[in-house]
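Overview (structure and organization)
Chain by chain, the residues:
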Amino acid sequence: MYADEDEDYLIDAPVSAGDGFSFAGGKYSDELGRADEWFARGKMVKAYPVEGGLEKAKDPLFGLAMGEASQTSDDSFRWFYVEEGDRKNPTVLLVHGFPSQAYSYRNVMSDLSSDYHVVAFDWLGFGFSDKPQPKYGFNYTTDEYATALKLLVDALDLNNFTLAVQGFFVPAALQFAKNNEETVKQLILINPPVTDQHTKLPSSLSAFSTFLLGEVFAQDPLKASDKPLTDCGPYILDEEDAVVYRRPYLTSGASGFALVAISRNLKIELKVFVKELKRILSPTSWKKPVSIVWGLKDRWLDFNGVEAFAKSINADLVQLPQVGHHAQEDFGEEVAKSLKALIRRRSVV
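Residues numbered from 1 in each chain as written. Predicted model: local features only at pLDDT ≥ 70, side-chain atom pairs only at ≥ 80, totals over all residues. Heavy atoms only, no water.

Some thoughts on the overall build of the protein chain
Let me state the cut-off plainly: Working definition: helices are DSSP H or I runs of at least four residues, strands are E runs of at least two. Numbering for both runs from the N terminus. By definition in these notes, contact holds between two residues if any of their heavy atoms fall within 4.5 Å. Computed by Shrake-Rupley with a 1.4 Å probe, the accessible areas treat only the displayed protein chains as cover when residues are assessed.
From N to C terminus, the protein chain includes twelve helices and eight strands. Look at the contacts in the protein chain between residues 6 or more apart in sequence, and 79% of them connect residues 24 or more apart. With an accessible surface of roughly 14,700 Å², the protein chain has 49% of that area assigned to carbon and sulfur atoms.

Concerning the sheet that holds strand S6 (residues 184–190)
Rule in force here: A pair of strands is treated as paired once DSSP finds two or more bridges between them. Orientation is described by axes fitted as lines to C-alpha atoms, over the contacting stretch for helices, and by angles from 0 to 180 degrees between their N-to-C directions.
With respect to topology, eight strands assemble into an open sheet ordered S1-S2-S4-S3-S5-S6-S7-S8, the strand pairing being mixed. For this open sheet the edge positions go to strand S1 (42–49) and strand S8 (316–320), each flanked by a neighbour on one side alone. On average, each strand axis in the sheet is tilted by 25 degrees relative to the strand beside it, whichever way the strands run. Examined bridge by bridge, strand S2 (residues 76–84) and strand S4 (residues 117–121) share four bridges and lie antiparallel to one another. When the sheet's bridge partners are listed, Tyr 81 is paired in S4 with Phe 121. Its contacts with the sheet place helix H3 (residues 142–155) against S1, S2, strand S3 (91–95), S4 and strand S5 (161–166), and it is angled at close to 125 degrees to S1.

Some words on the pairing of S8
To be explicit about the condition: Handedness of a crossover is defined as follows: with both strands directed away from the viewer, a clockwise route from the first strand across the helix to the second makes it right-handed.
Bridge analysis of strand S7 (residues 290–295) against S8 gives five bridges, and the strand direction is parallel. Residue pairing across strands places Ser 291 opposite Asp 316, the latter belonging to S8. Assessed by its sense of winding, the connection that carries the chain from S7 through helix H10 (residues 306–312) to S8 is right-handed.

Observations regarding the side chain of Ser 252
This is how it is decided: We define a polar contact as two N or O atoms separated by no more than 3.5 Å, with the added condition that, inside protein, one atom must be a possible hydrogen donor and the other a possible acceptor, whereas residues neighbouring each other in sequence contribute only through side-chain atom pairs.
For Ser 252, the position within the fold is in the loop between helix H8 (239–251) and helix H9 (253–280). Of note is the side chain of Ser 252, whose polar atom sits 3.1 Å from the backbone nitrogen of Ala 254.

Focus on the confidence of the model for the protein chain
Low pLDDT marks regions whose predicted coordinates should not be analysed in detail. What counts here: Confidence of the prediction at every residue is given by pLDDT, a number between 0 and 100.
For the protein chain, the mean per-residue pLDDT works out to 86, and 84% of the residues sit at or above 70. Scored below 50 in pLDDT, residues 1–27 makes 71 contacts in the model with residues more than four places away or belonging to other chains.

A short note on the environment of Ile 268
Our working rule: When a residue's accessible area, from a 1.4 Å probe over protein chains only, is under 20% of the maximum for its type it is buried; when over 50% it is exposed; and in between it is partly exposed.
Checked against the element boundaries, Ile 268 lands in helix H9. Owing to a relative accessible area of 62%, Ile 268 belongs among the exposed residues under this scheme. It is 9.1 Å that separates the C-alpha atoms of Ile 268 and Thr 199, two residues lying 69 residues apart in sequence.

Examining the nonpolar core
Our working definition: Only buried residues count toward a nonpolar core, which is a set of Ala, Val, Leu, Ile, Met, Phe, Trp, Tyr and Cys residues joined through side-chain atoms within 4.5 Å.
If you look at the biggest cluster of nonpolar residues, it comprises 72 residues, and the most contacted ones within it are Trp 79, Leu 93, Trp 123, Tyr 145, Leu 163 and Leu 281. By residue number, the principal contributor to this core is H9, which donates eleven residues. Residues within four places of Tyr 145 in sequence aside, it is in contact with Trp 123, Leu 124, Phe 126, Phe 138, Tyr 140, Phe 169, Ala 172 and Ile 262. Judged by nonpolar contacts, the second largest core, of 33 residues, contains Tyr 105, Leu 112, Val 318 and Leu 342.

A word on helix H4 (residues 170–179)
Where burial is concerned, most of H4 is hidden: seven out of the ten residues are buried. All of the buried residues in H4 are Val 170, Pro 171, Ala 172, Ala 173, Leu 174, Phe 176 and Ala 177. At its buried positions, H4 is contacted by H3, S5, S6 and H9.

Below you can see the structure in the form of C-alpha cells.
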C-alpha cells in the first residue's frame, strides 16, 4: 500500500514545507486536506506554563537552531482540542495513545456527540499541539504529562467526566485520575498495558529509544507514523488519513525528537507503572467504575492475562474481535458503540 522505504515517495504534492530539519521525509502541499478539515473542527487552548528564560529550541544532535514550526509559545504551551456535543450532556474525555493524535477519535466523536459532550485533544508532542524540545520546558515524563493533563482539564472547565484513554498513554492518564479522582466519573481503558508481558515496548516503538539511530528514525514520517500505526493491528490505513498522521513529522523536526523522548522515558517507566497498576485500581483504592475495551487483533499487547486482571479490579471487559491496538482508528464505530454501552451501564450501577 505504501512505497518501499528505500524508494523516494511523494505524499500529496511536489512542494515541501516545514522547518527544514528532517533526515528523511515526504512532501505535502498547502492545499486543503483532511488535516485542515480536522483543524477547523477544533480550537487551541493554553495550559502548562513554559519555564521562563528559555532560549530558542535547538536540535539535540548538532545544536542547530530549530525553525519556527519547532518553537513553542513563550508563556504557556498550546494544546489543540476538538469539542462537540451539548455541554449540558454528560462529558466524555477521549485520550489518544502513543503514537497517535486526537484525529484517531474523529469517528467516535461523531457517534457520541448526539448524546454526550465529547472532547478529544492532542497531547503535547503530537498533532497540532505544541512540541517542546526536551529540556526546553517539558521532558515528556509520565509525571509531567499527568500534571499537564490536570491543567488542560482546568483550562477546558471539565468536571465529573468519563475518562476514556487508549494504549501507552494510560500511565499518564491514570496518574492524573489517581490524583484527581473527584473529577473522574468513570474510567474506560482501551488496550492498556496491564500485564508483565506488556512492560516491554514493541520493536517499532523501542527503535526510537536507540541512541542516535532513534533520532534518525524519528525524522522519517514512514517510520515515525505509518509503521507504528500499521504494525500494531489489522489496519489498512486510508492514504488521506495517513497524510494527517504524517504531517506533524513533515512540518517540524520537533515532532520526531518528542517521539524519541517519550520512547526513552516509557522504556523505563512502563515497568514501574504496570507493577503499580493493580494496586492503584484495586477496589479498596479506586472507588469509581472501571471498564476495559480490548481489541483482540492487537499485535503489540497480548490478551493473555487481561481477563484475570479485569476480574481482579472488578472491571467490565468488552472484547472486540476485529480490532487492533489503535482501536478507535481501526473501527471507530465499534469503539463508540462499546463506549456508549459501558457509560450507560455504569451510570445506572
